[in-house]
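One letter stands for each residue in the lines below.
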Amino acid sequence: MTCRRGALIVLEGVDKAGKTTQCKKLVQALQESGRPAEMMRFPDRTTKIGHLISSYLERKSNLEDHTVHLLFSANRWELVPEMKEKLEQGISLVVDRYAFSGVAFTSAKPGFSLDWCKGPDVGLPKPDLVMFLKLNPAEAEGRGEFGTERYETTVFQRTVQSRFEQLMKDPSVNWQVIDAARCIDDVHTDIKEHTVNAINKVEEQPLGDLWK
Ligand code: NYM
């Protein structure tokens, strides 16, 4: 008997949109309803590549912009065998950021095209559903000060948001825009409904290749 694969679910959005909170709540809700699920996040700072990225984000080291872009991508690729194994075992993965953050953040830097940024991530496991937690930059600012990591400035985040909007025009990806300005529970209810639909659908669909 073949077991039904898990779904690859991604949450994206600018900083302060509530992605991490919602990923945790979603995994818990799926598990409680008897659907095997695990959370992952990118960057995964626990690997050797993740250590390099973390040190860069914390401003403890400098890396050339193309180089750090490739490291973020390598950090996803190094986790692909584990991701595929879990999905094949029927475990759904709820992922806090993925290649879309990779492209949106690097292409917000001067001199980086969307196409160049997408290159290294072409062929990654394609998410069955990408939920974009939409929060306008003014509301994000109202949620408090940014931290001290790189990229955590209002000006940069506004450019990131517009790069995400460009990425969302691509119909080959199953995007769902979620209004993240609502209370945590309302956002959660919405996200859970889209996720359960996606999990129920994946039986009919093999895992795809991103941007191929
Ligand atoms: N980030 C995240 C990138 O620049 N490229 C990527 O590929 C990914 C996955 O890292 N500001 C940025 C977005 C965030 C930062 O994310 C770390 P988090 O979720 O705060 O750990």
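Because the structure is predicted, anything quoted here is derived from the model rather than measured. (Residues numbered from 1 in each chain as written. Predicted model: local features only at pLDDT ≥ 70, side-chain atom pairs only at ≥ 80, totals over all residues. Heavy atoms only, no water.)

Asks: It is not clear to me how the side chain of Lys 19 should be interpreted in this structure. Could you clarify?
Replies: Inspection of the secondary structure assignment puts Lys 19 in helix 1 (residues 19-32). Despite its burial, Lys 19 pairs with no opposite charge, the nearest such side chain being Asp 15 at 4.5 Å. Within the structure, Lys 19 has its side chain in polar contact with the backbone oxygen of Gly 13 (distance 3.2 Å). Setting aside its immediate chain neighbours within four residues, Lys 19 contacts Leu 11, Glu 12, Gly 13, Val 14, Asp 96, Arg 97 and Leu 133. (Helix = DSSP H or I, 4+ residues; strand = E, 2+ residues; numbered from the N terminus. Buried < 20%, exposed > 50% of the residue type's maximum accessible area, 1.4 Å probe, protein only. Lys, Arg positive; Asp, Glu negative; His and termini not counted. Salt bridge = Lys/Arg side-chain N within 4 Å of Asp/Glu carboxyl O. Polar contact = N/O pair within 3.5 Å; in protein donor to acceptor, adjacent residues only side chain to side chain. Contact = heavy atoms within 4.5 Å.)

Asks: For this particular structure, what's the right way to read the packing of aromatic side chains?
Replies: Within a pair of aromatic rings, the relevant descriptors are the distance that separates the centres and the angle that separates the planes. Overall, the coordinates contain 10 aromatic pairs when judged by the stated rule. Here Phe 42 and Tyr 98 contribute two aromatic rings whose centre-to-centre distance is 5.9 Å and whose plane-to-plane angle is 45°, an arrangement assigned as tilted. Highlighted residues: Phe 42 in the loop between strand 2 (37-41) and helix 2 (48-57) and Tyr 98 in the loop between strand 3 (92-96) and helix 5 (99-106), separated in sequence by 56 residues. Tyr 98 carries the same exposure label as Phe 42, and that label is buried. Taken together, a centroid distance of 5.1 Å and an interplanar angle of 55° make the contact between Phe 132 and Phe 164 tilted. (Phe/Tyr/Trp six-rings, centres within 6.5 Å; stacked < 30°, edge-to-face > 60°.)

Asks: Explain the nonpolar core to me, please; I cannot follow it from the model alone.
Replies: Looking at soluble globular proteins, one finds that nonpolar side chains tend to be buried together. Formed by 41 residues in total, the largest nonpolar core has its most connected members in Tyr 98, Phe 100, Phe 164 and Leu 167. The element that contributes the greatest number of residues to this core is helix 5, accounting for 5 residues. Leaving out residues up to four positions away in the same chain, Tyr 98 has contacts with Leu 8, Val 10, Glu 12, Phe 42, Arg 76, Met 83, Leu 124, Pro 125, Pro 127 and Leu 210. The next biggest cluster of nonpolar side chains, apart from the first, holds 23 residues, and it includes Leu 11, Leu 26, Val 27 and Ala 198. (Core = buried A, V, L, I, M, F, W, Y, C linked by side-chain atoms within 4.5 Å.)

Asks: Explain the site of the ligand to me, please; I cannot follow it from the model alone.
Replies: Taken together, 13 residues surround the ligand, and among them Arg 45, Phe 72, Arg 76, Arg 97 and Gly 102 come closest. Within the complex, 93% of the 480 Å² of free accessible area of the ligand lies under protein. The greatest single-element share of the shell around the ligand, amounting to 3 residues, is contributed by helix 5. Its residues placed into classes, the shell around the ligand shows 6 nonpolar, 2 polar and 5 charged. (Near = heavy atom within 4 Å. Areas by Shrake-Rupley, 256 points an atom, 1.4 Å probe, with all protein chains shown as cover. Nonpolar A, V, L, I, M, F, W, Y, C, P; charged D, E, K, R; others polar.)

Asks: Would you mind going over the confidence of the model for the chain with me for this structure?
Replies: Should pLDDT be low for a region, the predicted coordinates there are not to be read in detail. When pLDDT is averaged along the chain, the result is 95, and 99% of the positions lie at 70 or above. Per-element averaging of pLDDT across the chain places helix 7 (residues 137-142) at the bottom with 79 and helix 3 (residues 65-77) at the top with 99. Among the prediction metrics, the complex's ipTM stands at 0.99, with pTM recorded as 0.97. (pLDDT = per-residue confidence, 0-100.)

Asks: So what exactly am I meant to see when it comes to the pattern of salt bridges here?
Replies: When the charged atoms of two side chains lie near each other, side chains of opposite charge can form a pair. Summed over the entire model, instances satisfying the criterion amount to 13 salt bridges. Note that Asp 179 is salt-bridged to Arg 182, the shortest N-O span being 3.9 Å. Overall, the relative accessible area of 30% leaves Arg 182 in the partly exposed class. A cluster of three or more residues bridged by salt bridges with shared partners is formed by Glu 38, Glu 82 and Lys 86.

Asks: Teacher, can you tell me more about unusual backbone geometry here?
Replies: With an omega of 0°, the peptide bond between Phe 42 and Pro 43 qualifies as cis. You can see Pro 43 is positioned in the loop between strand 2 and helix 2. The phi dihedral of Tyr 151 falls on the positive side, at around 80°, and the residue is not glycine. Within the element layout of this structure, Tyr 151 appears in the loop between helix 7 and helix 8 (154-167). One non-glycine residue, Trp 211, lies in positive phi territory at about 55°. Within the secondary structure, Trp 211 sits in the segment after strand 7 (208-209).

Asks: Explain helix 2 to me, please; I cannot follow it from the model alone.
Replies: Buried residues of helix 2: Gly 50, Ile 53, Ser 54, Tyr 56 and Leu 57, and no others. What you see down the axis of helix 2 is that its buried residues fit within an arc of 160°, all on one side. On the buried face of helix 2, the contacting elements are helix 3. Immediately downstream of helix 2, the backbone of Arg 59 shows phi near 65°, a positive value. (Arc of directions from axis to C-beta.)

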